[in-house]
There are 2 protein chains.
Amino acid sequence: MPSFDFDLHATDGAARTGVLKTPRGDIRTPAFMPVGTAATVKALYPEQVKQAGADIILGNTYHLMLRPGAERVKRLGGLHHFMRWDGPILTDSGGFQVWSLSDLRDMTEEGVAFKSHLDGSKHMLTPERSIEIQADLLGADISMQLDECTPYPCERDAAASSMQLSRRWGQRSKEAFGERSSQALFGIVQGSTYEDLRRESAEGLIEIGFDGYAIGGLAVGEGFEMMCQVLDVTTPHLPHERPRYLMGVGKPIDLVEAVARGVDMFDCVLPTRSGRHGQAWTDWGPVNVKNARFAEDTRPMDDTLECPASRDYSRAYLHHLIRAGEYLGSMLLSWHNIAYFENLTARMRAAIAAGEFEAFRAQFHARMDEGPDAI
Amino acid sequence: MPSFDFDLHATDGAARTGVLKTPRGDIRTPAFMPVGTAATVKALYPEQVKQAGADIILGNTYHLMLRPGAERVKRLGGLHHFMRWDGPILTDSGGFQVWSLSDLRDMTEEGVAFKSHLDGSKHMLTPERSIEIQADLLGADISMQLDECTPYPCERDAAASSMQLSRRWGQRSKEAFGERSSQALFGIVQGSTYEDLRRESAEGLIEIGFDGYAIGGLAVGEGFEMMCQVLDVTTPHLPHERPRYLMGVGKPIDLVEAVARGVDMFDCVLPTRSGRHGQAWTDWGPVNVKNARFAEDTRPMDDTLECPASRDYSRAYLHHLIRAGEYLGSMLLSWHNIAYFENLTARMRAAIAAGEFEAFRAQFHARMDEGPDAI
């Protein structure tokens, strides 16, 4: 019996909308999870994240285990208390950042030994240790199994053996996690771009039994078309009645097309990273706020959003702040972008519930085609 | 007849408390003005500045005339509208930053020609142009006369001729400003460390007639003792019934001792700059939040303050954020520091009104002597 009821309210084609129930509150799906890597969604106050419409945020196990340290977070009352976020938190397993950030030392069946990118200290991440950190020390509401993320492109043999390893790690993660009613564990489908491997991975994970199923190994440079192709051959093999989470994705168009293929949850650093770099996201694409055309544009960035950053500050002021390198520029654009991504998922939920997702999708593509000069 | 009624409610020794009335709201004195150099108090939302207790903020003419440009600010509705601050704004004349930041080119009786530190563009600042920028283009509630700020130390002859120039520029500033009922103009006393020059400067400015009198040429490296000595020989020559503003000062102890000598207004970048560098101000001095002793300190920075940054976040979390180089660390500490400085002036106002300023001052010195390890 899975933890966390998932009530699907409506479907429209492959697109779905519903609510994932958790002891810390409901997660409305499709859901976008802002990334709080180091126990903070960069440049936002926790209240702003919530007001922007986020039901759940993501924490990075790799970063938190190194600084401030998982045992320290536990002693300080757990991640929710530490960072003043009382809604649900999903943590990743740490595996992805071990591969992308650390000075990787040694991978075995047992797990992965690595050196911290911060101070060179040595650490070991196994499926069991990852679960201990996520579920017991940080206190995540949703933990992720440890997996190996293959690069793109990846030869078939390597993709197959890596997927098998991830499946075995999924089994060990499940055993370490045990049965919990107030916390959930998600498995991760791997298999690179190979349809049969993705299917085999999904079936293997379903046999183990998870509370939700993530699609891993994307957002690693494969591009939009390949992402869509992999989703086309993966989501049909995932259980209808459990949430599906596309890890590390993505741009607004990626979200729209993944929802069209039956994905329920997303996370990405894009909105906050773009914000710090002076970009504001819109349906028409990312807008470079530094652009001279905004220097005396007294309109707000997007007054259809409830967010003060989007509605109450002029583009001219945002332009000035970004040009001047002021904190407030990064703060406001990060806030706007999170509000935009949350609003995008809210509009998709409404469109699916109304049976109008295809119309929404067509309008979204039309705006994309117009491009950001249209705003 | 000066603009802006100044109601002195109480005095205690030389210390004074009152209210400077402006069309955009009351300024309770002693007042600390957060510095919004580039049309933003760094890393704070305007609402936070107000909630922290600030009645007035300062804008820097030099920065704003170069970016986004004074005429542009005017076209965008003036500085208040541009930056979403509806309370009073005081602007400096731009002179100080011309000396400290620009590639200074030529100073004459007429004014000062300089090159922008941003792009090398050439500009001219005269007393008349400074008033035009401040009062007409930015729309400052309180404008400052253009003056020359002498370095420390400064030979007597140089200090005397510089002070005379500043007085002549004060006269021209007053003529350019004219008579206005909804905006005010302050003169600036110069004269370096020479008692007779400070007195002569004050008397010359009073003869011209300003709405308030600033004490310039301090906070340039002269040190605490010298600052107190200059105040001792300057404030007695300033009109009792007009506000006195000590420019660019300073640390909390500087504020306390300047208030003890009859100063009413202050501005300083210290709280926000310290905050960005991981320091939290307290009565016991500046605390380095990076210090290992805070790593598991679950107490808030100062729960006697109403400010969420001071009251709702643990020292352990602030420590983590600063160590991790996170925006939120700078945001929270800047906010706390502004709240602390505003609260310090609020406590001084209350102590003066109660006739207990000497007790407050003694307690403040005792805490300083204990040092920041006491918190």
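Counting restarts for each chain, with residues numbered from 1 along the sequence as it is written. Labels follow written order: the first chain is A, the first ligand is 1, and so on. It should be noted that, the model being predicted, local features are given only for residues of pLDDT at least 70 and side-chain atom pairs only at 80 or more, the latter also being counted only at that level, while totals for whole chains, interfaces and linings use all residues. Only hydrogens and water are set aside when side-chain values are computed; all heavy atoms of the structure are taken into account.

Chemist: Residues and numbers for the overall build of chain A, please.
Modeler: Secondary structure assignment for chain A yields 15 helices and 16 strands. What the globule rule says is 2.2 Å times the number of residues to the power 0.38, and the radius of gyration is computed from C-alpha atoms. Its C-alpha atoms give chain A a radius of gyration of 20 Å, near enough to 21 Å, the size a compact globule of 375 residues would have. A principal-axis box enclosing the C-alpha atoms of chain A has dimensions of 60 × 45 × 40 Å. Throughout, exposure labels follow a simple rule: accessible area from a 1.4 Å probe, protein chains only, divided by the maximum for the residue type, with under 20% read as buried, over 50% as exposed, and the rest as partly exposed. Buried residues in chain A amount to 62% of all 375 residues. Every residue pair with non-hydrogen atoms within 4.5 Å of one another is taken to be in contact. Within chain A, counting contacts between residues at least 6 apart in sequence, those at least 24 apart form 67% of the total. Going along the chain from the N terminus, every DSSP run of H or I of four or more residues is numbered as a helix, and every run of E of two or more is numbered as a strand.

Chemist: Just give me the short version of the pairing of strand S8 (residues 112–115) of chain B, but keep the residues and values in it.
Modeler: All names here are of chain B. The pairing of strand S7 (residues 103–107) with S8 spans four bridges and is antiparallel. Residue pairing across strands places Met107 opposite Val112, the latter belonging to S8. The sheet contact formed by S8 and strand S9 (residues 122–125) spans four bridges and is antiparallel. Residue pairing across strands places Phe114 opposite His123, the latter belonging to S9. Hairpin connection from S8 to S9: six residues lie between these consecutive antiparallel strands, with Gly120 at a positive phi of about 75°. Paired strands, as defined in this entry, are two strands with at least two bridges between them according to DSSP.

Chemist: Kindly report on the nonpolar core, identifying the contributing residues and their values.
Modeler: Side-chain atoms within 4.5 Å are what join buried Ala, Val, Leu, Ile, Met, Phe, Trp, Tyr and Cys residues into a set we call a nonpolar core. By size, the foremost hydrophobic cluster in this structure holds 191 residues, and its most contacted members are Leu246 and Phe357 of chain A together with Leu246 and Phe357 of chain B. When sequence neighbours within four positions are dropped, the list of residues in contact with Phe357 of chain A reads Asp12, Ala15, Val256, Val259, Ala260, Met348, Ala351 and Ile352 of chain A.

Chemist: Break down the sheet that holds strand S8 (residues 112–115) of chain A for me, citing the residues and quoting the values.
Modeler: Residue and element names in this part refer to chain A. The strand order S7-S8-S9 describes an open sheet built from three strands, whose pairing is antiparallel. Each having just a single partner strand, strand S7 (103–107) and strand S9 (122–125) make up the two edges of the open sheet. Geometrically, the sheet is characterised by an average inter-axis angle of 25° between neighbouring strands, direction not taken into account. Angles shown run from 0 to 180 degrees and are taken between the N-to-C directions of axes, each axis being a line fitted to C-alpha atoms and, for helices, limited to the stretch in contact.

Chemist: Got a sec to walk through the packing of aromatic side chains? Specific residues and values, please.
Modeler: What characterises a pair of aromatic rings is the spacing of the ring centres plus the angle enclosed by the ring planes. What counts as a ring pair is set by centres within 6.5 Å for rings of Phe, Tyr and Trp (its six-membered ring), and what kind of pair is set by the plane angle: stacked under 30 degrees, edge-to-face over 60, tilted for all other angles. Counted by the stated rule, this structure contains 22 aromatic pairs over all chains. By way of ring pairs, the aromatic residues Phe32, Trp281, Tyr340 and Phe341 of chain A are connected into one cluster. Over the aromatic face of Tyr194 of chain A sits the side chain of Arg156 of chain A, whose NZ or CZ is 5.9 Å from the ring centroid. A positively charged side chain is recorded as over a ring if its NZ (Lys) or CZ (Arg) lies within 6 Å of the ring centre. The angle to the ring normal must also be within 35 degrees. The ring of Phe177 of chain B carries Arg180 of chain B above its face, with NZ or CZ at 4.6 Å from the centroid.

Chemist: Break down the relation of the copies chain A and chain B for me, with residues and values.
Modeler: Least squares is the method used to superpose the copies, on C-alpha atoms of residues holding a pLDDT of at least 70 in both. Once turned by 180° and shifted 0.0 Å along the axis, chain A lies on chain B with an RMSD of 0.0 Å. Such a turn and shift between the copies fits a two-fold axis. The position closest to the rotation axis in chain A is occupied by the C-alpha of Tyr327 of chain A, lying 4.0 Å away.

Chemist: Tell me about the packing of helix H13 (residues 315–323) of chain B against helix H14 (residues 327–353) of chain B, residues and numbers included.
Modeler: Residues and elements named next belong to chain B. At their nearest, the axes of H13 and H14 sit 7 Å apart, and the two run at 125° to each other. Between H13 and H14, the interaxial angle falls into the category oblique. Note on packing geometry: the crossing formed by H13 with H14 is left-handed. Taking contact as the criterion, the partners of Tyr317, Leu318, Leu321 and Ile322 in H13 are, on H14, Leu328, Gly329, Ser330, Leu332 and Leu333. Here the nonpolar group is Ala, Val, Leu, Ile, Met, Phe, Trp, Tyr, Cys and Pro; Asp, Glu, Lys and Arg are the charged ones; every other residue, Gly included, is treated as polar. Of the residues assigned to the contact of H13 with H14, the class counts are seven nonpolar, two polar and no charged. Working definition: roughly parallel below 35 degrees, roughly antiparallel above 145 degrees, roughly perpendicular at 65 to 115 degrees, and oblique for all remaining angles. Take the far helix as the reference: if the near one is turned anticlockwise from it by less than a right angle, the crossing is left-handed, and if turned clockwise, right-handed.

Chemist: Provide a residue-level description of the sheet that holds strand S1 (residues 6–12) of chain B, including the pertinent values.
Modeler: All names here are of chain B. Spatially, three strands are ordered S1-S2-S3 in an open sheet, and the strand pairing comes out antiparallel. Strands at the two margins of the open sheet, each flanked by one partner only, are S1 and strand S3 (27–29). Ignoring which end each strand starts from, the neighbouring axes of this sheet average 15° apart.

Chemist: Quick rundown of the environment of Pro88 of chain B? Include the residues and the values.
Modeler: Residue and element names in this part refer to chain B. Relative to the elements of secondary structure, Pro88 occurs in the loop between helix H4 (79–83) and strand S6 (89–91). Relative accessible area serves as the criterion here: at 2%, Pro88 is assigned to the buried category. Each C-alpha atom, one on Pro88 and one on Ile142, is 7.8 Å from the other, the two residues being 54 residues apart in sequence. Contact partners of Pro88, with chain neighbours within four places excluded, come to Thr22, Arg24, Gly25, Ile27, Asp55, Ile56, Ile57, His80 and Asp141.

Chemist: Break down helix H15 (residues 357–370) of chain B for me, with residues and values.
Modeler: All names here are of chain B. The span you would expect from a helix comes to 1.5 Å times its residue count less one. The terminal C-alpha atoms of H15 lie 20 Å apart, and with 14 residues this matches the ideal 20 Å at 1.5 Å per residue to within 8%. What H15 keeps buried is the set Phe357, Phe360, Arg361 and Phe364. Along the axis of H15, the buried positions cluster into a sector of 100°, meaning they face one direction only. Facing away from the buried side of H15 by over 90 degrees, the exposed positions are Ala359, Asp369 and Glu370. In this fold, the buried residues of H15 make contact with S1, strand S2 (15–20), helix H10 (252–260) and H14. Phi turns positive, to about 85°, at Gly371, one or two residues after H15. Note that the arc is defined by the directions from the helix axis to the C-beta atoms.

Chemist: Please give an account of the pattern of salt bridges that cites residues and values.
Modeler: All names here are of chain B. For this analysis, a salt bridge means a side-chain nitrogen from Lys or Arg found within 4 Å of a carboxyl oxygen belonging to Asp or Glu. Applying the stated criterion across every chain, the model contains 55 salt bridges over all chains. Arg261 is the salt-bridge partner of Asp232, the closest N and O atoms lying 2.9 Å from each other. With a gap of 29 residues between them, Asp232 in helix H9 (residues 224–234) and Arg261 in the loop between H10 and strand S14 (265–268) connect regions that are remote in the sequence. Here Asp232 falls in the partly exposed class, since its relative accessible area comes to 40%. A residue is classified by how much of its surface remains accessible, and Arg261, at 16% relative accessible area, is buried. Between Asp373 and Arg293 there is a salt bridge, with the nearest N and O atoms lying 3.8 Å from each other. Taken as a pair, Asp373 in the segment after H15 and Arg293 in the loop between strand S16 (285–288) and helix H12 (308–311) lie far apart in primary sequence, 80 residues in all. On the basis of relative accessible area, Arg293 is assigned to the partly exposed category, the value being 35%.

Chemist: For the confidence of the model for chain A, give the residues involved together with the corresponding values.
Modeler: Considering every residue of chain A, the mean pLDDT works out to 97; 100% of them sit at 70 or more. Interface confidence for the predicted complex, given as ipTM, is 0.98, next to a pTM of 0.98. The quantity called pLDDT is the predictor's confidence in a given residue, expressed from 0 to 100.

Chemist: Provide a residue-level description of the packing of helix H9 (residues 224–234) of chain A against helix H10 (residues 252–260) of chain A, including the pertinent values.
Modeler: Residue and element names in this part refer to chain A. Contact geometry for H9 and H10: axes closest at 10 Å, N-to-C directions at 20°. With respect to their mutual orientation, H9 and H10 come out roughly parallel. Crossing angle aside, the handedness with which H9 passes H10 is right-handed. Contacts between H9 and H10 involve Phe224, Met227, Cys228 and Leu231 on the former and, on the latter, Ile253, Asp254, Glu257 and Ala258. Among the residues forming the contact of H9 with H10, the class breakdown is six nonpolar, no polar and two charged.

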